[in-house]
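Okay, here's what each chain looks like letter by letter:
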Amino acid sequence: MIDTHLHILPSLDDGVRDFEEAITLARQLVQVGYTQVIATPHVLGGKSFLSPEIIRKSVEQLNKILREQEIPLEVLPGAEIYLFPQLPRYVKEGRILTLGGQGKYLLVELPVLSLPHYVEKVFFELQVAGYHPVLAHPERYSYIMNDRALLEHWAGSGVLYQLNLRSLSGRYGSGPKEVALWLLKHHMISLVGTDTHHPSLENEPFLRELALLGDSLGEDGKDILMQRNPRAVLTQGAIQRTEFQGEFIRTKSRGKGNSGKKRWRLNFF
Ligand SMILES: [Fe+2]
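A quick note: this is a predicted structure, and the numbers were derived from the prediction, not measured. (Residues numbered from 1 in each chain as written. Predicted model: local features only at pLDDT ≥ 70, side-chain atom pairs only at ≥ 80, totals over all residues. Heavy atoms only, no water.)

A. Here's a closer look at the coordination of the iron ion. Protein-derived coordination of the iron ion comes from His5 (NE2), His7 (NE2), Glu80 (OE) and Asp195 (OD), at a distance range of 2.1 to 2.2 Å. The coordination sphere of the iron ion comprises four donor atoms, whose angles at the metal cover 82 to 172 degrees; the geometry is irregular. Each donor residue of the iron ion lies on one chain, and together they are spaced H-x1-H-x72-E-x114-D. Of this pair, Glu80 sits in strand β5 (residues 80-82) while Asp195 sits in the loop between β9 (189-193) and α8 (207-235), and the two are 115 residues apart along the sequence. (Donors = N, O, S within 2.8 Å, 3.2 Å for Na, K, Ca; no water. Tetrahedral: all angles 85-135°; square planar, octahedral: opposite > 155°, others 65-115°. Helix = DSSP H or I, 4+ residues; strand = E, 2+ residues; numbered from the N terminus.)

Listed below in structure tokens is the structure:
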């Protein structure tokens, strides 16, 4: 599998702090089946701008250590760009890394609390310049969560969506989980990222979420999101759609010891 979103480069952002943490995280990702990851440190416009050179250098250093320690994970350069009005100009000037440092897919994120007025203009200008904006975790923005028409509108205009894997298990609450399932159901998810910032306390993280993804889309659909579409992003191939097979519904457990406790189960239809 290929992870298209994580913060594995030491001390470049709020992700892993040092190479030791990066190595622990790399081992955990290998353990659950990842072979390649696209490192996507947060990139902001203005004074705290993180250049492609700094990111590429850090990727090189990490890959060298991973090879030395015989950890079979390849790290590719990328960025999670906090959308700013001058982004199209930065991109044209070669100052922004696309996903994998090759191709035309740009991972962007939006502010947590409110929608900036220039978002659609930036999406449009990027597309006119031949780039594909990929919006990270659309299910997690409170102002989008309640605006399904906006999600449909952007998807219709060619913006791609990348799901945060942890949203599937309700890690960010029931709202993001519900939107995540709605997006999957309406074939709007093209990529999935772990968006992991630190090594997990579990030795094998994401297994539950990967199983839920398989339950929702079938093994073929899961393969599209975890393998084929990331590969297409790196090789300029075609992005494929997935077919939805089931959804999670809220239910109450029965029996003693579980009285009234809510859990999630999978419902096929
Ligand atoms: Fe992120």
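B. Spatial organisation of the packing of helix α1 (residues 19-31) against helix α2 (residues 52-68). Taken N-terminus to C-terminus, the directions of α1 and α2 make an angle of 60 degrees; their axes are 11 Å apart at the nearest point. Relative to α2, the element α1 is oriented oblique. The interaxial crossing formed by α1 with α2 has right-handed handedness. Together, Phe19, Ala22, Ile23 and Ala26 of α1 and Gln61, Leu62, Ile65 and Leu66 of α2 make up the contact between the two elements. (Axes fitted to C-alpha atoms, helices over the stretch in contact; angles between N-to-C directions. Parallel < 35°, antiparallel > 145°, perpendicular 65-115°, else oblique. Left-handed = near helix turned anticlockwise from the far one by under 90°. Contact = heavy atoms within 4.5 Å.)

C. Fine view of the packing of helix α6 (residues 148-156) against helix α7 (residues 174-185). Interaxial distance between α6 and α7 falls to 12 Å at its minimum, and their mutual angle equals 40 degrees. In terms of orientation, α6 lies oblique with respect to α7. Helix-helix and strand crossings are classified by hand; for α6 and α7 the assignment is right-handed. Listed contacts from α7 to Arg148, Leu151 and Glu152 of α6 are Glu178, Val179, Trp182 and Leu183. Class assignment for the residues of the contact of α6 with α7 results in four nonpolar, no polar and three charged. (Nonpolar A, V, L, I, M, F, W, Y, C, P; charged D, E, K, R; others polar.)

D. Representation of the packing of aromatic side chains within the structure. The final tally for this structure, using the stated rule, is four aromatic pairs. Relative to Tyr90, the ring of Phe49 lies with its centre 5.3 Å away and its plane at 80 degrees, an arrangement referred to as edge-to-face. Remark: Tyr90 occurs in helix α3 (residues 87-92) and Phe49 occurs in the loop between β3 (42-43) and α2; sequence separation between them is 41 residues. Geometrically, the ring pair formed by Tyr141 and Tyr143 is tilted, given 5.9 Å between the ring centres and 40 degrees between the ring planes. Joined through ring pairs, the aromatic side chains of Phe49, Phe84 and Tyr90 make up one cluster. A cation over an aromatic ring shows up here: Arg95 above the ring of Tyr90, its NZ or CZ 4.1 Å from the ring centre. (Phe/Tyr/Trp six-rings, centres within 6.5 Å; stacked < 30°, edge-to-face > 60°. Lys NZ or Arg CZ within 6 Å of the ring centre and 35° of its normal.)

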